[in-house]
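The primary structure of each chain is shown beneath.
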Amino acid sequence: QVQLRESGGGLVQPGGSLRLSCAASGSISRINDMGWYRQVPGKERELVAGITSGGSTNYSTSVKGRFTISRDDARKTVYLQMSSLKPEDTALYYCNADVRQTWSLYIYNYWGQGTQVTVSS
């Protein structure tokens, strides 16, 4: 079974920076798209940033220019570098990935458990 493990969340002051990491584990043959989502209680989960296996990226309008998504396929890890953080960025951040396991012909979507990011002075 595939597992996505996140780290790097925490409390930071406005204008500060954090780097989130998400490492995939399991019998994995291929990881296609990966992404970061965030959710505030009572609100829908929204896409923050995505990255394809080829390295193409996309960002939500609210974070473009401040956040950078990247991946290290050797480590099966995706990162989210967050800079110039705002209170509005406070949310539970989730890692997401499309993964094909070694024993399967099919690709499935997986979610991490979420890591809290709080931006407050």
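Below: a short report on this structure. (Residues numbered from 1 in each chain as written. Predicted model: local features only at pLDDT ≥ 70, side-chain atom pairs only at ≥ 80, totals over all residues. Heavy atoms only, no water.)

Observations regarding the overall build of the chain
On a plain count of helices and strands, the chain comes out with zero helices and 11 strands. Each helix (α) and strand (β) of the chain, taken in turn from the N terminus, gives the series β-β-β-β-β-β-β-β-β-β-β. Against the compact-globule benchmark of 14 Å for 121 residues, the chain has a radius of gyration of 14 Å, which places it among compact chains. Projected onto the principal axes, the alpha-carbon positions of the chain cover approximately 50 × 25 × 25 Å. Within the chain, contacts between residues at least 6 apart in sequence are counted, and of these 55% link residues at least 24 apart. Counting only carbon and sulfur atoms, one obtains 47% of the accessible surface of the chain, whose full area is about 6,600 Å². Of note, the chain has its 13 positive side-chain charges centred 4 Å away from the centre of its 9 negative side-chain charges. (Helix = DSSP H or I, 4+ residues; strand = E, 2+ residues; numbered from the N terminus. Rg over C-alpha atoms; globule rule 2.2 N^0.38 Å. Contact = heavy atoms within 4.5 Å. Areas by Shrake-Rupley, 256 points an atom, 1.4 Å probe, with all protein chains shown as cover. Lys, Arg positive; Asp, Glu negative; His and termini not counted. Charge placed at Lys NZ, Arg CZ, Asp CG, Glu CD.)

Examining the pattern of salt bridges
Scanning all chains against the criterion turns up five salt bridges. For Asp 89, the salt bridge identified is with Arg 38, shortest N-O distance 3.0 Å. Of the two residues, Asp 89 is situated in the loop between β8 (77-82) and β9 (91-101) and Arg 38 in strand β4 (residues 28-39); the sequence distance between them amounts to 51 residues. Judged by its relative accessible area of 1%, Asp 89 is buried. In this structure Arg 38 comes out as buried when scored by relative accessible area, which is 7%. One salt bridge in this structure joins Asp 73 and Arg 71, with 2.9 Å as the shortest N-O distance. On the accessibility criterion, Asp 73 (46% relative accessible area) is partly exposed. (Salt bridge = Lys/Arg side-chain N within 4 Å of Asp/Glu carboxyl O. Buried < 20%, exposed > 50% of the residue type's maximum accessible area, 1.4 Å probe, protein only.)

Observations concerning unusual backbone geometry
It is generally the case that most residues other than glycine have a negative phi and that most peptide bonds are trans. We note that Lys 76 has phi near 50°; this positive angle belongs to a residue other than glycine. Here Ser 84, not a glycine, exhibits a phi torsion of approximately 50°, which is positive. Relative to the elements of secondary structure, Ser 84 occurs in the loop between β8 and β9.

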